[in-house]
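# Secondary and tertiary structure notes
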Amino acid sequence: MPEARVIPLRPDDDPPPPRPAAPSWDDQVAGGLEFLRRRVTGEYDTDEFGFDPDLTDHVLLPMLRPWFERWFRVETQGLENVPDTGGALVVANHSGTIPVDALMTTVALHDEHPASRRLRLLGADLVFQVPFVGALARKLGTTLACNEDAERLLSEGELVGVFPEGFKGVGKPFSERYTLQRFGRGGFVSAALRTGAPIVPCAIVGAEEIYPMIGNARTAARLLGLPYFPITPTFPLLGPAGLVPLPSKWFIAFGEPIETASYGPAAADDPMVVFNLTDQVRETIQHSLYRLLLQRRSVFS
Amino acid sequence: MPPAVVLVTGVSRWLGGALAAELAADPAIDRVIGVDTVPPAPDVLRHLGRTEFVRADIRSPLIAKVIESASVDTVVHMNISATPAAAGGRVSMKELNVIGTMQLLAACQRSPAVQRLVLKSTSAVYGASPRDPAVFTEAMQARRVPAGGFAQDSLDIEGYVRSFARRRPDVGVAVLRFTNLIGPRIDSLLSGFLRMPVVPTALGYDARVQLLHEDDAVAVLRQATVGDHTGTVNVGASGTVLLSQAIRRLGRVALPVPQSAMGGVRKLARRVRLVDGSVEWSPEQMRLLNFGRVVDTRVLREEFGYTPRYTTAEALADYADTVAPVVRPEFVGDVTGAARSVVGAVAGGLNAVHAVVGGRHRPAPPVPGLRAVRDA
């Protein structure tokens with residue numbers, strides 16, 4: 001007797017493979033209630049930087065995820081270049097008028113990296129001066145961009161994200177898109193050298209087009225104490241509707257890590273080593289930007 | 001070598017009294033002399049044991065006589081007032097803090113017997129601003145020098161102590177920078193603030209708070225007095241909580257108030273006697289409650305050699321036992337539990353309805369004939 005085997009009769013109608021994690025709605029509500037109970041009674045942990053993993057996992061990341069998956073359709077490359085454990089410094093280009101690229105990189109490393117790594121961002125002091133934004137940024141794991149904090153996080157084995165271009169990158173006019181600005185004073189390199197953490201260059205393509213900045217209202221910026229006040233084709237012309245970012249197609253590519261441990265911690269005080277490494281990181285990111293731009297078919301697809 | 005004669009200033013307050021009691025219980029110490037401007041409260045007095053109390057103002061020359069005649073060899077200076085209300089106004093607070101310290105140090109410098117000086121300072125010297133690194137080590141300085149108030153006094157006092165240490169290099173000087181103290185017995189800045197049923201907080205800000213349990217504070221002061229560690233040490237528990245989290249854990253209700261309305265809320269709270277005078281609302285305190293401050297305690301644990309028994313969360317929990325919560329955690333648990341059972345019941349009901357209604361619309365079972373093909 002021949003062995004029984006399954007012959008697909010109508011392959012088109014085959015049920016899709018069961019999704020691994022699709023909790024029923026009542027489980028979701030129960031989880032939400034448990035979350036609420038924890039929040040009201042304060043039974044969650046935060047660290048010395050103000051990072052609140054409970055809030056990040058249950059509120060902030062779920063809020064960012066639709067933007068990551070549907071709106072910008074982010075494609076990540078080279079995630080194997082980010083180590084699974086231990087400290088590393090992710091250095092990326094900064095763009096987009098509002099630092100959405102930092103948030104999307106956080107989602108990318110948490111959702112798509114096999115080790116679900118948390119990216120601890122370094123932000124400018126302006127971020128922490130602004131009410132709500134500063135408090136929320138700390139809860140998401142951001143801390144002040146200074147050597148003390150960067151070295152502390154790296155030596156604790158955290159993955160630290162830094163955008164050395166700062167406001168020069170995020171607030172540059174649309175005409176200068178994808179050209180890297182000056183990389184600060186190389187503080188990030190000395191932090192990596194002191195802790196021996198590898199530097200992972202990261203290129204982000206797509207963020208430049210979300211709010212094309214065609215003008216800068218300097219007077220308004222000065223009045224509000226901001227480094228720039230963006231004028232885009234839709235903002236402030238359309239009011240709050242102008243705050244909706246354009247749905248550009250994004251690529252986030254992590255390059256091969258540049259190791260720093262062999263230089264030794266003393267190299268952090270050698271300006272020539274710091275300058276050379278800074279240039280090397282900058283060149284690597286600029287080249288991967290050009291490569292990704294060639295790969296991209298159009299801005300929105 | 002343990003000290004023979006210890007002088008403790010500010011002995012009438014809880015922390016000073018607790019330290020004096022601890023030292024008096026140590027038979028290796030010959031005499032413990034407590035100094036303060038007001039006599040200690042009866043319950044403090046009961047624990048003081050063989051401590052001799054001298055009612056003296058450290059601003060007066062009397063203190064020099066006490067140090068000279070008793071041949072004091074160890075001075076613990078903790079008579080630094082953090083609140084203008086307790087000291088009778090900002091002017092007298094500053095006078096007590098700064099001039100008092102200068103007098104005390106002048107007396108110490110004169111007396112050849114003095115071998116050791118312990119200063120109870122504060123981590124407020126680091127200030128609190130959005131430009132601060134997350135964690136301060138002893139080597140760091142305030143990015144924005146705190147202007148006025150307690151922090152400014154403490155910075156001045158530390159400056160005087162440093163110059164004293166230069167003039168008397170034979171004296172071992174330990175400067176202890178304490179974080180906010182909390183516990184069931186101590187009356188600190190933060191404990192008064194958190195005792196209010198509704199705690200006003202700055203809208204849009206959430207500070208990181210590092211605490212130290214009162215028992216750990218006494219133990220550190222004792223070890224600094226009898227030990228020989230010199231230099232500056234940050235003293236704080238491990239771990240931090242956010243201010244909002246602390247308020248929730250204590251079962252209080254946070255009332256976020258815009259920065260500009262803070263002054264009005266303060267006046268209102270005073271008028272309806274919601275708060276007593278010890279609750280401090282100086283701009284410096286508000287900055288602390290906006291941005292928070294955390295200190296690194298590696299030196300305390302590794303060089304000074306003391307690991308606090310309570311973490312920040314445990315110290316807060318110990319304090320929580322003494323305040324009746326406004327929002328009881330059991331109540332929150334009951335509410336969410338009830339909501340969960342309602343959800344469970346609704347889900348169960350819906351599933352049952354689904355089974356009945358959906359049964360009719362379910363697609364027809366596969367035709368038996370097809371299975372025969374599969375088996376073939």
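As a starting point, this report considers the structure included with it. (Residues numbered from 1 in each chain as written. Chains lettered and ligands numbered in written order. Predicted model: local features only at pLDDT ≥ 70, side-chain atom pairs only at ≥ 80, totals over all residues. Heavy atoms only, no water.)

## Structural notes on the overall build of chain B
Assigned secondary structure in chain B consists of 15 helices and 15 strands. A buried classification covers 51% of the 376 residues belonging to chain B. For chain B, contacts bridging at least 24 residues in sequence account for 80% of all contacts bridging at least 6. Surface accessibility of chain B: about 16800 Å² in total, with carbon and sulfur atoms responsible for 58%. Looking at chain B, you have 43 positive and 34 negative side-chain charges, and the mean spots of the two groups are 8 Å apart. (Helix = DSSP H or I, 4+ residues; strand = E, 2+ residues; numbered from the N terminus. Buried < 20%, exposed > 50% of the residue type's maximum accessible area, 1.4 Å probe, protein only. Contact = heavy atoms within 4.5 Å. Areas by Shrake-Rupley, 256 points an atom, 1.4 Å probe, with all protein chains shown as cover. Lys, Arg positive; Asp, Glu negative; His and termini not counted. Charge placed at Lys NZ, Arg CZ, Asp CG, Glu CD.)

## Quick word on the sheet that holds strand S10 (residues 208–209) of chain B
All names here are of chain B. Strand order in the open sheet formed by 4 strands is S6-S15-S10-S13, with mixed pairing between adjacent strands. For this open sheet the edge positions go to strand S6 (135–136) and strand S13 (241–242), each flanked by a neighbour on one side alone. As paired strands, S10 and S13 are joined by 2 bridges and run antiparallel to one another. If you follow valine 209 over to S13, its bridge partner there is valine 241. With respect to the sheet, helix H11 (residues 283–291) is in contact with S10 and strand S15 (292–295), its orientation differing from that of S15 by roughly 75°. (Pairing = 2+ DSSP bridges. Axes fitted to C-alpha atoms, helices over the stretch in contact; angles between N-to-C directions.)

## Observations regarding the packing of helix H6 (residues 147–155) of chain A against helix H8 (residues 187–195) of chain A
Residue and element names in this part refer to chain A. H8 packs onto H6 with a crossing angle of 40° between their chain directions and a minimal axis gap of 9 Å. It follows from the interaxial angle that H6 and H8 lie oblique. Taken as a pair, H6 and H8 cross one another with a handedness that is right-handed. On the side of H6, the interface is formed by Asn147, Ala150, Glu151, Leu154 and Ser155, while H8 contributes Gly187, Ser190, Ala191, Ala192, Arg194 and Thr195. Broken down by class, the residue content of the contact of H6 with H8 amounts to 4 nonpolar, 5 polar and 2 charged. (Parallel < 35°, antiparallel > 145°, perpendicular 65-115°, else oblique. Left-handed = near helix turned anticlockwise from the far one by under 90°. Nonpolar A, V, L, I, M, F, W, Y, C, P; charged D, E, K, R; others polar.)

## Observations regarding the interface of chain B and chain A
Contacts between the two partners involve 37 residues from chain B, matched on the other side by 38 residues from chain A. For the pairing of chain B and chain A, the buried interface totals around 3300 Å² over both sides, and the portion due to carbon and sulfur atoms is 60%. The tally of links between chain B and chain A comes to 5 salt bridges. In this structure, aspartate 206 of chain B engages lysine 139 of chain A in a salt bridge whose closest nitrogen and oxygen atoms are separated by 2.9 Å. Taken together, chain B and chain A are joined by 15 residue pairs in polar contact (both at pLDDT 80 or more). At the level of secondary structure, the elements contributing two or more residues to the side of chain B that touches chain A comprise S13, helix H9 (243–249), helix H14 (329–361) and helix H15 (368–375) of chain B. In terms of residue count, the dominant contributor to the side of chain B that touches chain A is H14 of chain B (10 residues). The class makeup of the residues in the side of chain B that touches chain A is 20 nonpolar, 6 polar and 11 charged. (Buried area = accessible area lost by both parts, 1.4 Å probe. Salt bridge = Lys/Arg side-chain N within 4 Å of Asp/Glu carboxyl O. Polar contact = N/O pair within 3.5 Å; in protein donor to acceptor, adjacent residues only side chain to side chain.)

## Some details on the layout of surface pockets
Residue and element names in this part refer to chain B. Considered as a void within the structure, the second largest pocket measures approximately 1000 Å³ in volume. Of all the secondary structure elements, the ones that give two or more residues to the lining of the second largest pocket are helix H1 (14–24), helix H4 (84–87), helix H5 (90–110), strand S5 (116–122), strand S8 (180–182) and H11. For the lining of the second largest pocket, the per-class residue count stands at 16 nonpolar, 16 polar and 8 charged. (1 Å grid on protein atoms, 1.4 Å probe; cavity = no way out; pocket = protein on both sides within 12 Å on 5 of 7 lines; lining within 4 Å. Points joined across faces, edges and corners; volume = space filled by probe spheres on them.)

## Focus: empty space enclosed by the protein
All told, the structure shown has 6 cavities of 30 Å³ or more when counted by the stated rule. Reported here for the largest cavity is a volume of approximately 150 Å³. In terms of lining residues, the largest cavity is bounded by 18 residues, among which Phe128 and Arg138 of chain A together with Arg208, Asn290 and Phe291 of chain B are the most central. The residue makeup of the lining of the largest cavity, split by class, is 9 nonpolar, 4 polar and 5 charged. What the second largest cavity holds in volume is close to 90 Å³. Together, 13 residues line the second largest cavity, and Asn180, Arg208, Gln210, Leu288 and Arg293 of chain B are the ones closest to its centre. Elements represented by at least two residues in the lining of the second largest cavity include exactly S10, H11 and S15 of chain B. When residues of the lining of the second largest cavity are assigned to their parent elements, the largest contribution, 3 residues, is made by S15 of chain B. By residue class, the composition of the lining of the second largest cavity is 6 nonpolar, 5 polar and 2 charged.

## Details of the sheet that holds strand S3 (residues 52–55) of chain B
Residue and element names in this part refer to chain B. Across the sheet, 7 strands lie side by side as S3-S2-S1-S4-S5-S7-S12; this open sheet has parallel pairing. In this open sheet, the two edge strands, each paired with only one partner strand, are S3 and strand S12 (231–235). Across this sheet, the average inter-strand angle for adjacent strands is 20°, counted without regard to direction. Sheet analysis places strand S1 (residues 5–9) next to strand S4 (residues 74–77), joined by 3 bridges and oriented parallel.

## Notes on H1 of chain B
For H1 of chain B, the tally of buried residues reaches 9 of 11 residues, placing the bulk of the element in the interior. Burial in H1 of chain B covers these residues: Leu15, Gly16, Gly17, Ala18, Leu19, Ala20, Ala21, Leu23 and Ala24 of chain B.

## Focus on a nonpolar patch on the surface
A surface patch of nonpolar side chains, about 410 Å² in accessible area, is lined by Trp25 and Val29 of chain A together with Val342, Val346 and Leu350 of chain B. For the nonpolar patch, the secondary structure elements donating two or more residues are helix H1 (25–41) of chain A together with H14 of chain B. With respect to the helices, strands and loops of the structure, leucine 350 of chain B is situated in helix H14. (Patch = residues over 30% accessible without salt bridge, like charges linked within 9 Å, V, L, I, M, F, W, Y side chains within 5 Å.)

## Regarding the pairing of strand S6 (residues 199–205) of chain A
Residue and element names in this part refer to chain A. Here S6 lies mainly inside the structure; 7 of its 7 residues are buried. Both faces of S6 are covered, namely the face carrying Ile199, Pro201, Ala203 and Val205 and the face carrying Val200, Cys202 and Ile204. Summarising the sheet, strand S2 (residues 88–92) and S6 pair through 4 bridges and their orientation is parallel. Across the sheet, residue valine 91 finds its bridge partner in S6, namely proline 201. Pairing of S6 with strand S9 (residues 251–254) involves 4 bridges; the strand directions are antiparallel. Along S9, the bridge assignment pairs cysteine 202 with phenylalanine 254.

## A few points about the side chain of arginine 252 of chain B
All names here are of chain B. Structurally, arginine 252 can be placed in the loop between H9 and strand S14 (253–257). Buried and unpaired, arginine 252 has no salt bridge, with aspartate 321 as the nearest side chain of opposite charge at 11 Å. Polar side-chain contacts of arginine 252 include one of 2.7 Å to the backbone oxygen of arginine 195. Looking at arginine 252, its side chain comes within polar contact range of the main-chain oxygen of methionine 196, at 3.4 Å. In this structure, arginine 252 is in contact with Leu194, Arg195, Met196, Pro197, Val199, Ile247, Val323, Ala324, Pro325 and Val326, ignoring residues within four places of it in sequence.

No statement about biological role is implied by the geometric values presented.
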